[in-house]
Amino acid sequence: MVARIQVPKEAKRGELIAVRIAIQHPMETGFRFDHSGKPIPKNVVNTLTCSYGGVEIFRAEMGSGISANPYLQFYTRATASGELVFEWVDDAGERGSERVAITVTG
Amino acid sequence: MTQVRVANAVPRIEVLQPLVDKITGGAPLQEGRVTLDIPQLSDNGHSVPMKISIASPMSERDYVRTVHVLSEKNPRPVIATYHLNPQCGRAEITTRVRLNGEQRLLVIAAMSDGSFQAASASVIVTETACLDAS
């Protein structure tokens, strides 16, 4: 699963940074049918976690009420240089992950 | 601080009440710290931008633990649940949601002291998502 993530490469210590992530995923609601009239099973990215320096800082549990290609923006305080690790999983059990490095100065 | 009309501050949405009770354990929903930013009218319910902000210092002593987003009319009322911690620094979440018809959204923030802050917004969607069987 492809995701686009936006995190500043550099930040001052203590600075508040915006974290943006968009995952390419249809977020099937389970309420739609294919051409042959067969229901398309529900399949959404149900959990997304973000950890910073090995500690979970944000977790989203999502349902079919979240739009296709789920987009999220949240914040974190830049405390130390390290990696932000994003991990997510959908109802079909497919997993995705992405890492972004951040350098904290000052 | 005096809290006036706390019990009536956030509308009681009957269909969501069992869920609300499960979240709060019967504690009152207080108004004032949650801001729910969502367009009142949308042509298309497939992707409606929504911003939730909660006034909180996000310190070790006072922060937002969990944010619940509930919908009055979507076939699955729980849109999302977000878990935050003091490291977040600011309790603000932006996302895009699917909505159905004319309804109210209810956002409940579980605070670190065990209290619950909430806000509600009415939205009208002319072309719905969720129930679209096409």
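Keep in mind the model is a prediction, meaning the values are calculated, not measured.

Peer 1: A description of the interface of chain A and chain B should follow, citing residues and the corresponding values.
Peer 2: Interfaces are often described in size by the accessible area the parts lose on coming together. Counting residues at the interface gives 31 residues for chain A, matched by 29 residues for chain B. For the pair chain A and chain B, the summed buried area comes to about 2,600 Å², and 47% of that belongs to carbon and sulfur atoms. It is Phe31(A), Tyr71(A) and Tyr75(A) that lose the most area in chain A upon contact with chain B, and together they represent 23% of the buried surface on that side. Where chain A touches chain B, the interface holds 0 salt bridges. Counting the contacts that link chain A with chain B gives 21 residue pairs in polar contact (both at pLDDT 80 or more). Every element with two or more residues in the side of chain A that touches chain B is listed here: β5 (55-62) and β6 (71-77) of chain A. Of the residues assigned to the side of chain A that touches chain B, the class counts are 16 nonpolar, 9 polar and 6 charged.

Peer 1: An account of the side chain of Asp90(A) is requested, with residue identities and associated values reported.
Peer 2: All names here are of chain A. For aspartate 90, the position within the fold is in strand β7 (residues 82-90). This buried residue, aspartate 90, is left without a salt bridge; arginine 95 holds the nearest opposite charge, at 8.4 Å. Within the local environment of aspartate 90, its side chain forms a polar contact with the side chain of histidine 25, the two groups lying 3.0 Å apart. Polar contacts involving the side chain of aspartate 90 include one to the main-chain amide nitrogen of alanine 92, which spans 3.0 Å. Setting aside its immediate chain neighbours within four residues, aspartate 90 contacts Met1, His25, Asn43, Val44, Val45 and Asn46.

Peer 1: Outline the pattern of salt bridges, listing residues and values.
Peer 2: Within the structure shown, the criterion is met by 9 salt bridges over all chains. The closest approach of N and O atoms between Glu28(A) and Arg32(A), which form a salt bridge, is 2.6 Å. For Arg32(A), a relative accessible area of 33% translates into the label partly exposed. A salt bridge links Arg104(B) to Glu72(B); its shortest N-O distance comes to 3.0 Å. Here Arg104(B), found in strand β8 (residues 102-111), pairs with Glu72(B), found in the loop between β5 (64-71) and β6 (78-83); they are 32 residues apart in sequence, far enough to count as distant. A relative accessible area of 22% means that Glu72(B) is categorised as partly exposed. Sharing partners across several salt bridges, the network here consists of Glu56(A), Arg59(A) and Glu61(A).

Peer 1: How would you explain unusual backbone geometry if you had to name every residue and give the values?
Peer 2: Within the chain, Met27(A) stands out as a residue other than glycine whose phi angle is a positive 50°. On the basis of relative accessible area, Met27(A) is assigned to the buried category, the value being 0%. Positive phi is not limited to glycine here, since Met58(B) has a value of about 50°. Mapping Met58(B) onto the fold places it in the loop between β4 (48-54) and β5. In this structure Met58(B) comes out as buried when scored by relative accessible area, which is 4%.

Reading the values: the criteria
Residues numbered from 1 in each chain as written. Chains lettered and ligands numbered in written order. Predicted model: local features only at pLDDT ≥ 70, side-chain atom pairs only at ≥ 80, totals over all residues. Heavy atoms only, no water. Contact = heavy atoms within 4.5 Å. Buried area = accessible area lost by both parts, 1.4 Å probe. Salt bridge = Lys/Arg side-chain N within 4 Å of Asp/Glu carboxyl O. Polar contact = N/O pair within 3.5 Å; in protein donor to acceptor, adjacent residues only side chain to side chain. Helix = DSSP H or I, 4+ residues; strand = E, 2+ residues; numbered from the N terminus. Nonpolar A, V, L, I, M, F, W, Y, C, P; charged D, E, K, R; others polar. Buried < 20%, exposed > 50% of the residue type's maximum accessible area, 1.4 Å probe, protein only. Lys, Arg positive; Asp, Glu negative; His and termini not counted.

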